[in-house]
Structures are given as structure tokens and as C-alpha cells.
Amino acid sequence: MKGVYFLASFLFLALASSFASASDPSPLQDFCVALNDTKNAVFVNGKFCKDPMLAKAEDFFFSGLNVPGNTSNQLGSKVTPVNVEQIPGLNTLGVSLARVDFAPYGGLNPPHTHPRATEILVVLEGTLYVGFVTSNPDNRLITKVLYPGDVFVFPVGLIHFQLNIGKTNAVAFAAFGSQNPGVITIAKAVFGSNPPINPDVLTKAFQLDKNVVKYLQSQFWWDNN
């Protein structure tokens, strides 16, 4: 199993590196408002850089992806990210990684998007039903059942998901073509935004009764971190 983990990590980093050079540089946060007065605080597109002479091994190191994530939650899944927030040395390198753990019988990484990165995922343990939806107007659902050793790609920005359909725990590693791919969980963003979206908007958009919309908002408001 150690050999599989090593191979998966090596494959992901190699492929994610190719993603980084395959297109123009992308924004590394949701927006970057221009400033004419540099006396004000400046937030650059990425991170400020340390003097290279002060760099040390710890700037390029993370430990813990061998530790299973706690899936004792409503979704039955846990994502352990390894991006520029965990490894400062990833700044400007255009790659990042994540471990995803799934509980048996329906552990779910719910429909979400990564606005700044393509994702490539490999299954190490278990059986996952995965898929993504293409953009308008077709909105085609493309799905596949994955087994250990299988690899699947989720194109940048498209809504996608992973569901454990097996009777045992499942583990997958994902690589991204960005130091900060970002994540937008669809249900939480729509029904758990802060402040809440006006129910009239969601009632018409989803063609639901307003009471149903308010109920859904109440279900997501508790986890608005």
C-alpha cells in the first residue's frame, strides 16, 4: 500500500505540473480590487514572497496525509487539503493536493466546483461513483464508477461530486493545477450564504414553494464557516 501512495503522489504532482504550464496565469483569489494609493493595505494575487536566502525545508514540507480524516459528520466525508496555506513553498508553483476520506454506505463529497483548477483524482481504497455536469445549455452528466487504481479528471470550474457506494471506507487523492484551487459547495453556497439570499430569488430559480426554500436555508445556516 505504501508503494501505491507513493505512486499516486508522484503521478499527481507530475500531471498537476503540466496543468500549471498549460494556460495563462489565473487569479489566486475570488477578486483583486485595484488600488491607486499604495499607502493602503495591498493584497497581491497570491502571497508575499520570503527572501529566498531565508527559505528552509519546512517551507516545502507537510506531514499527515497518511492519517485518515474524520468522517463522522453529516456528509460522511473529510477533505484534507495540502495547498499554499499548508505548504508556503507552493506559492507561484501552480500545484496542490488533497486527501479525501469517505465513510461506508454513502460517504459523499457533495456537488462543488473548483473555480481555479482542473482536478485529477485517483482512488486508493474503496469504490466511488463520481461525475461532473457540463456547462449550459447541454448540462450533460458524465459519470463513472471507480475502483482502486482508477483515475478520473474533473475539468476546471465544472460541478462535480464523489460518492462512496461501497461497504467499506474509501480513500482518494486529488491533485489540482493551482496552488489555491478554491472550492464552492453548491448547496451551501446557495442555501447557506451569509447573509442569506432573498427567498424570492431561490423560489423562482428552483421553482419551489417559499416555505421549502426557507427550510433548506435553515438546514445550511448552522454550518456557515
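Because the structure is predicted, anything quoted here is derived from the model rather than measured. (Residues numbered from 1 in each chain as written. Predicted model: local features only at pLDDT ≥ 70, side-chain atom pairs only at ≥ 80, totals over all residues. Heavy atoms only, no water.)

## Focus: the packing of helix α3 (residues 199-206) against helix α4 (residues 210-220)
Consideration 1: Between α3 and α4, whose axes approach to 9 Å, the crossing angle comes to 115°. The orientation of α3 relative to α4 falls into the category roughly perpendicular. α4 is crossed by α3, and the crossing has right-handed handedness. When α3 is examined against α4, the residues Pro 199, Asp 200, Leu 202 and Thr 203 are found in contact with a partner set consisting of Lys 210, Val 213, Lys 214 and Gln 217.
Consideration 2: Tallied by class, the residues present in the contact of α3 with α4 amount to 3 nonpolar, 2 polar and 3 charged. (Axes fitted to C-alpha atoms, helices over the stretch in contact; angles between N-to-C directions. Helix = DSSP H or I, 4+ residues; strand = E, 2+ residues; numbered from the N terminus. Parallel < 35°, antiparallel > 145°, perpendicular 65-115°, else oblique. Left-handed = near helix turned anticlockwise from the far one by under 90°. Contact = heavy atoms within 4.5 Å. Nonpolar A, V, L, I, M, F, W, Y, C, P; charged D, E, K, R; others polar.)

## Considerations on the sheet that holds strand β5 (residues 128-133)
Consideration 1: Read from one edge to the other, the open sheet built from 5 strands follows the order β6-β5-β8-β3-β10, with strand pairing classed as antiparallel. If you trace the sheet from one side to the other, it starts and ends with β6 (141-146) and β10 (184-185), each paired once. (Pairing = 2+ DSSP bridges.)

## Points about the pattern of salt bridges
Consideration 1: By the definition in use, this model includes 5 salt bridges.
Consideration 2: With a shortest N-O distance of 3.7 Å, Asp 59 and Lys 56 are connected by a salt bridge.
Consideration 3: Classification of Asp 59 by relative accessible area gives buried; the value is 11%.
Consideration 4: Taking the shortest distance from any N to any O, the salt bridge between Asp 101 and Arg 99 comes out at 2.9 Å.
Consideration 5: Under the relative-accessibility criterion, Arg 99 is labelled buried at 3%. (Salt bridge = Lys/Arg side-chain N within 4 Å of Asp/Glu carboxyl O. Buried < 20%, exposed > 50% of the residue type's maximum accessible area, 1.4 Å probe, protein only.)

## Notes on the side chain of Thr 113
Consideration 1: In this fold, Thr 113 is placed in strand β3 (residues 108-113).
Consideration 2: Residue classification places Thr 113 among the buried positions, given a relative accessible area of 9%.
Consideration 3: Contact partners of Thr 113, with chain neighbours within four places excluded, come to Gly 157, Leu 158, Ile 159, His 160, Gly 182, Val 183, Ile 184 and Ile 186.

## Quick notes on unusual backbone geometry
Consideration 1: Geometrically, the link from Asn 136 to Pro 137 is a cis peptide bond, its omega value of 5° lying close to zero.
Consideration 2: Tracing the backbone shows Pro 137 in the loop between β5 and β6.
Consideration 3: In this structure, Pro 195 follows Asn 194 across a cis peptide bond, with omega equal to 0°.
Consideration 4: Checked against the element boundaries, Pro 195 lands in the loop between α2 (186-191) and α3.
Consideration 5: Phi is positive for Tyr 105, close to 55°, though the residue is something other than glycine.
Consideration 6: Structurally, Tyr 105 can be placed in the loop between β2 (96-102) and β3.
Consideration 7: Here the phi dihedral of Gln 207 falls at roughly 55°; this positive angle occurs in a residue that is not glycine.

## Looking at the UniProt feature "binding site: oxalate" (unreviewed entry) in the protein chain
Consideration 1: When the UniProt feature table is mapped onto this chain, "binding site: oxalate" (unreviewed entry) is found at Asn 109, His 114 and Glu 119.
Consideration 2: Summarising the element assignment, His 114 is placed in the loop between β3 and β4 (119-125).
Consideration 3: Within the secondary structure, Glu 119 sits in strand β4.
Consideration 4: With residues up to four places along the chain from it excluded, the contact list for Glu 119 reads His 112, His 114, Phe 152, Val 153, Phe 154, His 160, Gln 162, Ala 174, Ala 175 and Phe 176.
Consideration 5: Reaching out from Glu 119, the side chain makes a polar contact with the side chain of His 114 at a distance of 3.1 Å. (UniProt positions renumbered as here; feature names shortened; annotations may be inferred. Polar contact = N/O pair within 3.5 Å; in protein donor to acceptor, adjacent residues only side chain to side chain.)

## Examining the packing of aromatic side chains
Consideration 1: Taken as a whole and assessed by the stated rule, the structure comprises 5 aromatic pairs.
Consideration 2: On the basis of an interplanar angle of 25° and a centroid distance of 6.3 Å, the ring pair of Phe 191 and Phe 220 is categorised as stacked. Taken together, the positions of Phe 191 in helix α2 and Phe 220 in helix α4 put the pair 29 residues apart, joining distant regions of the chain.
Consideration 3: We classify Phe 191 as buried; its relative accessible area is 10%.
Consideration 4: Three or more aromatic residues link up through ring pairs in this structure, and these residues are Phe 132, Phe 152 and Phe 154. (Phe/Tyr/Trp six-rings, centres within 6.5 Å; stacked < 30°, edge-to-face > 60°.)

## Thoughts on the pairing of β2
Consideration 1: For β2, the tally of buried residues reaches 7 of 7 residues, placing the bulk of the element in the interior.
Consideration 2: Burial of the side chains of β2 extends over both faces: Ser 96, Ala 98, Val 100 and Phe 102 are buried on one face and Leu 97, Arg 99 and Asp 101 on the other.
Consideration 3: As defined by bridge partners, strand β1 (residues 77-82) adjoins β2 across 6 bridges and the pair is classed as antiparallel. In the strand pairing of β2, Val 79 is matched with Val 100.
Consideration 4: As judged from the 7 bridges shared by β2 and strand β9 (residues 170-176), these two strands associate in the antiparallel manner. By the bridge assignment, Ser 96 is partnered in β9 with Phe 176.

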